[in-house]
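Spelled out from the first residue to the last, the chains are:
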Amino acid sequence: MHTPTPPGLSSSMTSSVSLFSIVLACGIVWVVRRFLFGGGNSALENIPGPPSQSWWKGNLNQFFGKQGWAFHRTVGEEYGPVVKMNGFMNQPTLYVFDPKAMQSIILKDQNVYGESREFILTNLVVFGPGLLGTLGDHHRKQRKLLNPVFSVSHLRYMLPIFYRVVDQLRDAIGSQVSTGPQEVDVLNWMGRTALELVGQGGLGYSFDPLIEDKPNALGDALKALLPSLSVLRLSQGAFVYFSSIGSPGFRRRVVDIIPHEGIQRLKSIVDMIWGASSTIFEAKKSAMQEGEETVLRQVGEGKDIMSILMKANMEAEEGDQLPEHELIAQMSTLIFAATDTTSNALSRILHVLAEHQDVQERLRQEIIGARDGRDLSYDELMQLPFLDAVCRETLRLHPPILSLRRVALKDVVLPLSEPIRGRDGKMMHEIPIPKNTQIEVGILGSNRNKAIWGKDAYEWKPERWLSPLPQSVVDAHIPGLYSNLMTFLGGGRGCIGFKFSELEMKAVLCTLLPSLVFELPKEAIVWNISGVNHPTMGSGSRPQMLLKVTALKSGSI
């Protein structure tokens, strides 16, 4: 005879079972991680660092939290250029911005310090086998073909394309404020403009006419990508295992039926990016097959990055050619990488210019004087000293990405520029790094290192770039691609399109500032730490940045 379960007992038993399952799962994970990483490394444990906040997440919430700015400053200033933090289940994680150590990680021993499997496989799932989703010889083969495409000689041809796009932006914002000063969502405009710049200059395709202030589906999807991935941060390890199960078709069918809102949202974003790339690729391929005359009628007139890449790929030796699905993956990677970081960096520049009206006016006068009513050539634009100083200083103090993770692929010794004092009071001149140790390369820590940049390292001072840099900067030999900064990283996985991004930023500023004045809005602008840092307004959570914009009567709107 069945004995009915007393009211409330079923839910209580279910809760107990669930709690037991969670504890058991955590215990299994702990045992597995202890097996993989060992029971603790005495050298790592001897490195100074902040106390763990949680046995489960260590310092992760402090380091990656949206408002973790104070924690980043504390780590950088109080603990030195090599810091032991606590990762998942308190596994030791190093935060490193010592110049010699970064030289080893980024350049000298870059094959020993690789991207994590989670990072590579996540990018592979999201973008396909492009630069962000490949390793080793495969990555080097792609980069060999792509490097010439981003050369200065090709960028010169793109500047007229950039000017056409940015003129549309200026006119659109000018129309919005034609009846008087208005608060304008500058982040939205910069996102749409960066997408259109990479569309026309990078892909030879127009995504957005930039006629009026309205949403853009692809632009919105790109802005939502990193927040969607952040929500699934703790699940990204599943990519390592899921990616090896069955065929791509099977994995797609499994994803289609997973009843998880975050996963389905991410799937929609990935589909939209891949669909846009595939459509553009097929159109370019068809135009090339029809001949040069058809190519010249396209948006980029055959001078865009992908047209040059596809042509170079056809002319390359058979062993160096990339298959079509990898070319499409490069397009998806370019659409994302050249949109989010550049638009947020531009928004940050306009924000600090709104805070410093005197600097904004000085920059405006430099641009107006140089332009003299005409568009500047590539060399003239890139050599404007104060414009260059404003861009460099903002990218130094406010890099869009704060750190990048590397994983030691084998046991290795990490050299140091200067010895550090261990917890035991003894000096450490080098650090033995066990295999599988996670390392956060401190982009922000390096860019704001007072030992290198001076006591005013945390201050925004464009004028520091108008005279020779301190000898300490020169002697540090920072392994970054750009201006002794780690903003665009360096080595074999440095940002291949940093010159493209720099040209975008300067073209936008050179066109907008003679016509428009940017001032702070009524509500506070709040910058949030994320995969790419982004602004919000007040207590809001939606990516947005309002600035008060006024049209200059003497401007060329």
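Residues numbered from 1 in each chain as written. Predicted model: local features only at pLDDT ≥ 70, side-chain atom pairs only at ≥ 80, totals over all residues. Heavy atoms only, no water.

Q: Got a minute to help me understand the pairing of strand β5 (residues 403-408) in this structure?
A: Taken residue by residue, a regular strand's side chains alternate between the two faces of the sheet. Pairing of strand β3 (residues 113-114) with β5, which is carried by two bridges, proceeds in the antiparallel orientation. Among the inter-strand pairings, Tyr113 is bridged to a residue of β5, identified as Ala408. Alignment of β5 against strand β8 (residues 438-442), held across five bridges, turns out to be antiparallel. Along β8, the bridge assignment pairs Arg406 with Ile439. (Pairing = 2+ DSSP bridges. Helix = DSSP H or I, 4+ residues; strand = E, 2+ residues; numbered from the N terminus.)

Q: It is not clear to me how the nonpolar core should be interpreted in this structure. Could you clarify?
A: Residues Ile431 and Ile433 are the most contacted members of the largest nonpolar core, which totals 145 residues. It is helix α8 (residues 152-176) that provides the largest number of residues to this core, a total of 10 residues. Once residues lying within four places of it in the same chain are set aside, the contact partners of Ile431 are Leu44, Ile47, Val82, Val412, Val413, Leu414, Leu416 and Ile420. (Core = buried A, V, L, I, M, F, W, Y, C linked by side-chain atoms within 4.5 Å. Buried < 20%, exposed > 50% of the residue type's maximum accessible area, 1.4 Å probe, protein only. Contact = heavy atoms within 4.5 Å.)

Q: Honestly, the packing of helix α17 (residues 340-355) against helix α24 (residues 498-512) in this entry has me stumped. Any pointers?
A: The description of two helices packed together rests on the angle between their axes and the distance between the axes. Two elements in contact, α17 and α24, have axes separated by 10 Å at closest approach and are oriented at 40 degrees. For the element pair α17 / α24, the angle class is oblique. Regarding α17 and α24, the two cross each other, and that crossing is right-handed. For the pair α17 and α24, the contacting residues are Thr342, Ala345, Leu346, Ile349, Leu350 and Leu353 in the first and Ser501, Glu504, Met505, Val508 and Leu509 in the second. Here the residues of the contact of α17 with α24 sort into eight nonpolar, two polar and one charged. (Axes fitted to C-alpha atoms, helices over the stretch in contact; angles between N-to-C directions. Parallel < 35°, antiparallel > 145°, perpendicular 65-115°, else oblique. Left-handed = near helix turned anticlockwise from the far one by under 90°. Nonpolar A, V, L, I, M, F, W, Y, C, P; charged D, E, K, R; others polar.)

Q: When you look at helix α18 (residues 357-371) in this model, what are you seeing that I'm missing?
A: In an α-helix, one full turn covers 3.6 residues, which means residues spaced three or four apart are oriented alike. Between its terminal C-alpha atoms α18 stretches 21 Å, which fits the 21 Å expected from 15 residues at 1.5 Å a residue. Buried within α18 we find Val359, Gln360, Leu363, Arg364, Glu366, Ile367 and Arg371. The buried residues of α18 occupy an angular sector of 165 degrees when projected down its axis, which confines them to one face. Relative to its buried face, α18 has exposed residues pointing more than 90 degrees away, namely Asp358 and Gly369. Where the residues of α18 are buried, they touch α17, α20 (385-397), α24 and β9 (516-519). Looking one or two places after α18, you find Asp372, whose phi comes out positive at around 50 degrees. (Expected span 1.5 Å × (residues − 1). Arc of directions from axis to C-beta.)

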